[in-house]
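# Structural description and commentary
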Amino acid sequence: MSEPIADAEVLTSLTSIESGTISQADKVTQFSAILSRIITASTPEKLVPNLQAFVDSVLADSVGIVASRPILGEFVTTIEQIPDIQTRKKLCVYTIDKLRPRIVSFEEQDSKLREILASVYEAEDDNAEAAKALQGITLESSQRLISDEYRLNIYIRIMRNLLEDDDSTAADSYLNRATLLIHKSTNPESTLLFQLCQARILDSKRQFLNACQRYHQLSFSPLIAETERLQCLSAAITCAVLAPAGPQRSRSLATLYKDDRSPQLIADYSMLEKMYLDRLLSPKEVEDFSQRLKPHQLAKLADGSTVLAKAVIEHNLLATSKLYNNIGVDELGVLLGLSGAKAEEYAARMIEQKRLSGRIDQIDKLIYFDVPGGGLGTGAAVPDSGKEGEKDNKKTGGQADVVVGKQLRKWDENIAALAQEVENITSMLQNEYPDFVAKHLVTA
């Protein structure tokens, strides 16, 4: 089926203006009159071809740039007011293509057309094409003055479309550009959208601790609705759960656990509570949690495991260190659902990265955990004095001294605590029964 052509009357009128010897100001007036007539008198089938013919005429070599710029600006405004979305899309695509060879002369008109076209694509949920349309806008120009606020808004809009299209790599490059301008922004909405894009990009890059902090900050913003604030809090909890086990994650978990709003998120709060209290997670709980994760959070890592699986293994290993003072490598593997060798590899990595305090005895296949405040539990051996103790001390390379030192410090702490309790009881007796204390305790 052939494309409809413009009305003969419209073509004749446009040709007469092009070839006429009238002044540029008169051409602007006559083009404006024809544009109004096309909009009001054209049938729906003829509207697009008539306006395309109008664009061709305005951009003709015989029409000077002095006349074509203002009339094209009026044309762009007219397109924006057309209610039919497909008509707007066709006209924007056609005009942008016609402007491409002369983009230097019509940068402002091209920018507005691309913004209109991007809005059309966004309405159609075609975020990839919307991002492409916006990426074509000239933001570094010597032909016109472009404000930093306008650049920032375009960068943010491109980021949002790229993130909706799951292209976080491309979005990251525009985040770097926006970061250089965000401090100049005076618009709270732009700042909020920038922070949201930043959080989502950090999440996509698996920088979960940083993403958790950004999401949690956003959850307090008064500029967004209560339901969206809770969504940000939920995203913060998810990122905290997926973050590598260690002191930094523990602080993030503590902050979220103490947030009064967290219990409202029933599904997330159960996982958060167990993570914060260092409880072992069952496979069923992990499976239920994984159902709510986004695709990039379920992606495979280099070793074939997922981000969630790695986070849960490291958490369970940390939880195990709170339950046991030492454990066999094979027994640890059973707890973690791994082979003994793999469990030892995880423990070694966490100890090396200072995320777990302990040591590995590869000869006896035992892992010793350093318990805060000292204290050894079941199966923790303290060497006896004498020759047997000297042998053990040599074998462990001084580790026995460390263990004994901890026991002595623990003993001292217990004695001090007992003395404090006795002192407290004595003070209470003196306050409640001064006569009894004077008769029995003071004279003793």
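## As for the overall build of the protein
Summing up its helical and strand segments, the protein has 21 helices and three strands in all. The C-alpha atoms of the protein give 36 Å as radius of gyration, which overshoots the globular expectation for 444 residues (22 Å, by more than 25%). Sorting the 444 residues of the protein into buried and exposed places 41% on the buried side. For the protein, restricting intrachain contacts to residue pairs at least 6 apart in sequence, the fraction spanning at least 24 positions comes to 58%. Per element, the accessible surface of the protein, about 24,600 Å² overall, is 53% carbon and sulfur. Here the protein holds 50 positive side-chain charges and 62 negative ones, and the gap between their average locations is 3 Å.

## Comments concerning the sheet that holds strand β2 (residues 358-361)
In a beta sheet, neighbouring strands pair by backbone hydrogen bonds and run either parallel or antiparallel. Ordered by their spatial adjacency, three strands build an open sheet running β1-β3-β2, and the pairing between neighbours is antiparallel. Unpaired on one side and paired on the other, β1 (326-328) and β2 mark the two borders of the sheet. Strand-to-strand, the axes of this sheet are offset by a mean angle of 15 degrees, without reference to chain direction. Across three bridges, β1 lies against strand β3 (residues 366-369) in antiparallel orientation. Among the inter-strand pairings, N326 is bridged to a residue of β3, identified as Y368. Helix α17 (residues 329-336) rests against β1 and β3 of the sheet, and its axis sits at about 85 degrees to β1.

## Let's talk about the state of the cysteines
All chains considered together, the criterion is met by zero disulfides. C232 takes part in no disulfide bond, and the closest cysteine sulfur to it belongs to C239, at a distance of 11 Å. With no disulfide of its own, C239 lies 6.4 Å from the sulfur of C212, the closest cysteine sulfur.

## Some words on the environment of S321
Within the fold, S321 resides in helix α16 (residues 307-323). Judged by relative accessible area, S321 falls into the buried class, the value being 9%. A polar side-chain atom of S321 sits 2.5 Å from the main-chain carbonyl oxygen of L318.

## Some words on the pattern of salt bridges
A complete count under the given rule lists 21 salt bridges for this structure. Across the pair R114 and D110 runs a salt bridge, and its minimum N-O distance is 3.0 Å. You can see R114 and its partner D110 sitting in helix α6 (residues 107-123), four residues apart, about one turn around the helix. Exposure class is identical for R114 and D110. Each is buried.

## Concerning helix α8 (residues 148-164)
Given 3.6 residues per helical turn, the α-helix brings residues three or four places apart onto the same face. Along its 17 residues, α8 runs 24 Å from first to last C-alpha, staying within 8% of the 24 Å computed at 1.5 Å per residue. Here α8 has its buried residues at R151, L152, I154, Y155, I156, R157, I158, M159, N161, L162 and L163. Two residues or fewer after α8 comes D166, characterised by a positive phi angle close to 60 degrees.

## Points about a nonpolar patch on the surface
Among the surface-exposed residues, L280, L323, Y324 and L335 lie close enough to one another that they form a single nonpolar patch of about 350 Å² accessible area. With respect to the helices and strands, L280 occurs in the loop between α14 (266-276) and α15 (283-290). Taking relative accessible area as the criterion, L280 reaches 34% and is therefore assigned partly exposed.

## Quick look at the nonpolar core
Core analysis: the largest hydrophobic core is formed by 57 residues, its most contacted members being F31, L51, F54, F75 and M159. Looking at which element gives the most residues to this core, the answer is α8, with eight residues. Those residues in contact with F31, other than ones at most four positions away along the chain, are L14, I17, F54, S57, V58, V63 and I71. I237, C239, A243 and Y269 belong to the second largest nonpolar core, which has 35 residues in total.

## Things to note about the pairing of β2
Note: β2 against β3, four bridges, orientation antiparallel. When the sheet's bridge partners are listed, R359 is paired in β3 with Y368. Counted along the chain from β2 to the antiparallel partner β3, the turn is four residues long, and its residue K365 has a positive phi close to 55 degrees.

## Some thoughts on the packing of aromatic side chains
For any pair of aromatic rings, the description consists of the separation of the ring centres together with the inter-plane angle of the planes. This model, assessed by the stated rule, comprises five aromatic pairs. Centroid distance F54 to F75: 5.9 Å. Interplanar angle 25 degrees. Geometry classified as stacked. You can see F54 sitting in helix α3 (residues 44-58) and its partner F75 sitting in helix α4 (residues 65-80), a full 21 residues away along the chain. For the pair F54 and F75, a shared accessibility class is recorded, and that class is buried.

## Observations concerning helix α1 (residues 8-19)
For α1, which comprises 12 residues, the first-to-last C-alpha distance of 16 Å matches the rise-based estimate of 16 Å (1.5 Å per residue) to within 8%. Among the residues of α1, those classed as buried are V10, S13, L14 and I17. The buried residues of α1 occupy one face: seen down the axis, they fall within an arc of 95 degrees. Turned more than 90 degrees off the buried face of α1, the exposed positions are A8, T12 and S19. Looking at the buried residues of α1, the elements they touch are α2 (24-41) and α3.

Criteria and thresholds
Residues numbered from 1 in each chain as written. Predicted model: local features only at pLDDT ≥ 70, side-chain atom pairs only at ≥ 80, totals over all residues. Heavy atoms only, no water. Helix = DSSP H or I, 4+ residues; strand = E, 2+ residues; numbered from the N terminus. Rg over C-alpha atoms; globule rule 2.2 N^0.38 Å. Buried < 20%, exposed > 50% of the residue type's maximum accessible area, 1.4 Å probe, protein only. Contact = heavy atoms within 4.5 Å. Areas by Shrake-Rupley, 256 points an atom, 1.4 Å probe, with all protein chains shown as cover. Lys, Arg positive; Asp, Glu negative; His and termini not counted. Charge placed at Lys NZ, Arg CZ, Asp CG, Glu CD. Pairing = 2+ DSSP bridges. Axes fitted to C-alpha atoms, helices over the stretch in contact; angles between N-to-C directions. Disulfide = S-S within 2.5 Å. Polar contact = N/O pair within 3.5 Å; in protein donor to acceptor, adjacent residues only side chain to side chain. Salt bridge = Lys/Arg side-chain N within 4 Å of Asp/Glu carboxyl O. Expected span 1.5 Å × (residues − 1). Patch = residues over 30% accessible without salt bridge, like charges linked within 9 Å, V, L, I, M, F, W, Y side chains within 5 Å. Core = buried A, V, L, I, M, F, W, Y, C linked by side-chain atoms within 4.5 Å. Phe/Tyr/Trp six-rings, centres within 6.5 Å; stacked < 30°, edge-to-face > 60°. Arc of directions from axis to C-beta.

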